[in-house]
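Fold and contact review
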2 protein chains.
Amino acid sequence: MKTIIYSSQDIVKIVKHVGLDVFMDEAIAALTSAFAEFDKSAYEIPIRDGFEYHHPTLGLVEWMPAMKVNSHIVLKMVGYHPNNPTVQNLPSVLSTSFSLDTKTGHVTGIMDSTFTTAIRTAAASAIASRIMAKSDSSVLGLVGCGAQAISQLHALSRVLPLQQVLLFDTDIAVSKNFAKRIAALGLSNIKITVSPLTELVSRADIICTTTSVDIGHGPVFHDDMLQPHVHINAVGSDFPGKVEVPVSVLKRSLVCPDFMQQAMLEGECQQLCANEIGPDLTQLVQQSSEYQKYRNQTTVFDSTGWALEDFIMNNLVAKYASELNCGTEVQMTTEAQDCKDPYRFLRDA
Amino acid sequence: MKTIIYSSQDIVKIVKHVGLDVFMDEAIAALTSAFAEFDKSAYEIPIRDGFEYHHPTLGLVEWMPAMKVNSHIVLKMVGYHPNNPTVQNLPSVLSTSFSLDTKTGHVTGIMDSTFTTAIRTAAASAIASRIMAKSDSSVLGLVGCGAQAISQLHALSRVLPLQQVLLFDTDIAVSKNFAKRIAALGLSNIKITVSPLTELVSRADIICTTTSVDIGHGPVFHDDMLQPHVHINAVGSDFPGKVEVPVSVLKRSLVCPDFMQQAMLEGECQQLCANEIGPDLTQLVQQSSEYQKYRNQTTVFDSTGWALEDFIMNNLVAKYASELNCGTEVQMTTEAQDCKDPYRFLRDA
């Protein structure tokens, strides 16, 4: 039985062929369709589980399974290790996903998902922002200027008329070299400015928080002079005890989590009761005309990352890989000559 | 970042080099050590979870994570699809496992685990039988003569002086071709006999049940004329509602589950209350001299499969692979030139 390995080189081939902008647009379109058509009875998506630890370093490894009934399963393994960038020169979020055929239980594909995780997270913010943010939003504030800030900016630039980006990071060097890091994105029409946090918060039409703030050390900005219509994509909270947005802001906002149960455990929704939380992302998309009314009010997208998004991205990459003949076949499991003899493959080899 | 793929061909290379008997002996030794030294605080092994479904076929896909604190994580995906042998000519149990480094969250290895799953399951039965069965047990009864029956026989033949094997399968053809299927095992000193179920049950010193009995259709033999000292390895029960052993037998036996919580959900222990269940496998091994007293009584090993066993087998295969230079390196995740730019690898490639 063949298993296709989609390595980072395959992802490179696909994205170079398709183009980064088009790939992001396709991700936004595929996820929008999936949310619009989402039917609970067609999927099983349990809440993710994982290991949290403090040794050998602070880390979280989670498994995120999703099954489309009568079709296939995607299980994504994702690690969050906030010390990766400084200690290992690695992204803090690393990810690999596995597809299984429900006819046999065979693993049909293994995919590097670090890039697609960044893309789908950014695409989800773009989808939420397109509905909840003012459609003429032009000033984006990025609180935290690491890897995720780049993909968030990229996705938002595809759906909103951004003119200026205000940058804040607790590490000034990271905000200062941001412009250099996005040079290849072709966003030269957008003005990039390092900014004091208070100015960023008071001027932004949209704020994205993508910080590695420590547990118990949030929020990452104060509820001070925010634009009344500000839309916040709270992306960094994905760990019990980690929050980025002041509770007073959340309490007066329409708060849309990607996955309610999980957001209440790991996201900004930790700070709220169930009755203070608005529609989830699928409801937001399915009833978008109703929720566009909130564009002049404060709104928050509480993004924790949802296995459905990974399921859809997996399909998207596999579709392109098939078109471009990417991926490496491995004989992961033997086609037994006699499936009732567990040792037969030793003799047939 | 490199990920090593250990395909079925690599497993073949390793087992051919080591020898099947020695490999089984090593598995029994490694698992015995792991059980003897098992310290709950050194591992996190949550109960496995999964998807159960009836379409497109009856199936169960589970993920079995285990973390050695301060070291690494192994997560095994395992599918149980009882129609695989007849419909797909595939084993009913297929499996793949993933190792992650807890320093970074990187997936360091991906391993075909179908063979090692059979081996570790059989090795666990051998370990339990060595303690609970009479040490002169010579007659083994196999109820269900598929793939798992072969590895069970193999493992037991390494630890007990077997002289005769009695075979029963609801598919008579499967019991009749069993002798042919084990020809390569070098067990010519053991007499292999197809037997009526009642005779098997009344003559066996040890019984192994490895059936695909449907949910709600167990048990697979009657509590009739069993040897008072019989030891039963109940291997097939691994699904809610699936049982193989009569409850009356369980109630008068010392019942040792591999993993208590899980056995109560999926194994024979579904039929018992907590206070009717004996030591788990680690306690059995750690206090083996105490439990050898039960050799003259009826005993049951309730095997559901435990993630610690897969963790240990993963280490064993990886050790041999390293010695023999097996496995294929794949650039699963890019070594980012700038870990704060999620798109940089597209340019560096």
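All values reported here derive from a predicted model rather than from experimental measurement.

Procedures and definitions
- Residues numbered from 1 in each chain as written.
- Chains lettered and ligands numbered in written order.
- Predicted model: local features only at pLDDT ≥ 70, side-chain atom pairs only at ≥ 80, totals over all residues.
- Heavy atoms only, no water.
- Pairing = 2+ DSSP bridges.
- Helix = DSSP H or I, 4+ residues; strand = E, 2+ residues; numbered from the N terminus.
- Least-squares fit on C-alpha atoms with pLDDT ≥ 70 in both.
- Contact = heavy atoms within 4.5 Å.
- Buried < 20%, exposed > 50% of the residue type's maximum accessible area, 1.4 Å probe, protein only.
- Right-handed = clockwise from strand over helix to strand, strands pointing away.
- Axes fitted to C-alpha atoms, helices over the stretch in contact; angles between N-to-C directions.
- Parallel < 35°, antiparallel > 145°, perpendicular 65-115°, else oblique.
- Nonpolar A, V, L, I, M, F, W, Y, C, P; charged D, E, K, R; others polar.

The next thing to look at is the pairing of strand E1 (residues 2-6) of chain B. Sheet topology note: the E1(B)/strand E15 (residues 328-331) of chain B ladder contains four bridges and is antiparallel. Residue pairing across strands places B:Lys2 opposite B:Gln331, the latter belonging to E15(B).

Laying chain A over chain B is done by rotating through 180° and shifting 0.0 Å along the axis; what remains is an RMSD of 0.0 Å. Here the transformation between the copies is reduced to the relation of a two-fold axis. A shared interface surface links the copies, since 100% of the contact residues of chain A are contact residues in chain B too.

Moving on to the pairing of strand E8 (residues 139-143) of chain B. Residues and elements named next belong to chain B. With five of its five residues buried, E8 lies for the most part within the structure. Every second residue of E8 is oriented toward a common face, with Val-139, Gly-141 and Val-143 on one face and Leu-140 and Leu-142 on the other, all of them buried. As paired elements, E8 and strand E9 (residues 164-168) share five bridges and run parallel to each other. The residue of E9 that forms the bridge with Leu-140 is Val-165. Once you follow E8 into helix H5 (residues 147-157) and on to E9, the crossover reads as right-handed. Judged from the four bridges that link them, E8 and strand E11 (residues 206-209) form a sheet pairing that is parallel.

As a further point, take the packing of helix H1 (residues 8-18) of chain B against helix H2 (residues 20-37) of chain B. All names here are of chain B. Interaxial distance between H1 and H2 falls to 6 Å at its minimum, and their mutual angle equals 100°. Here H1 is positioned roughly perpendicular relative to H2, judged by the angle of their axes. Packed against H1, whose contacting residues are Ile-14, Val-15 and Val-18, the element H2 presents Leu-20, Val-22 and Phe-23 at the interface. Among the residues making up the contact of H1 with H2, the classes are represented as six nonpolar, no polar and no charged.

We now examine unusual backbone geometry. Cis geometry marks the peptide bond from A:His55 to A:Pro56, where omega comes out at 5°. Along the chain, A:Pro56 falls in the loop between strand E3 (49-53) and strand E4 (59-68). Residue B:Pro219 is reached from B:Gly218 by a cis peptide bond, and omega for that bond is -5°. Phi is positive for B:Asn70, which is not a glycine, with a value near 70°.

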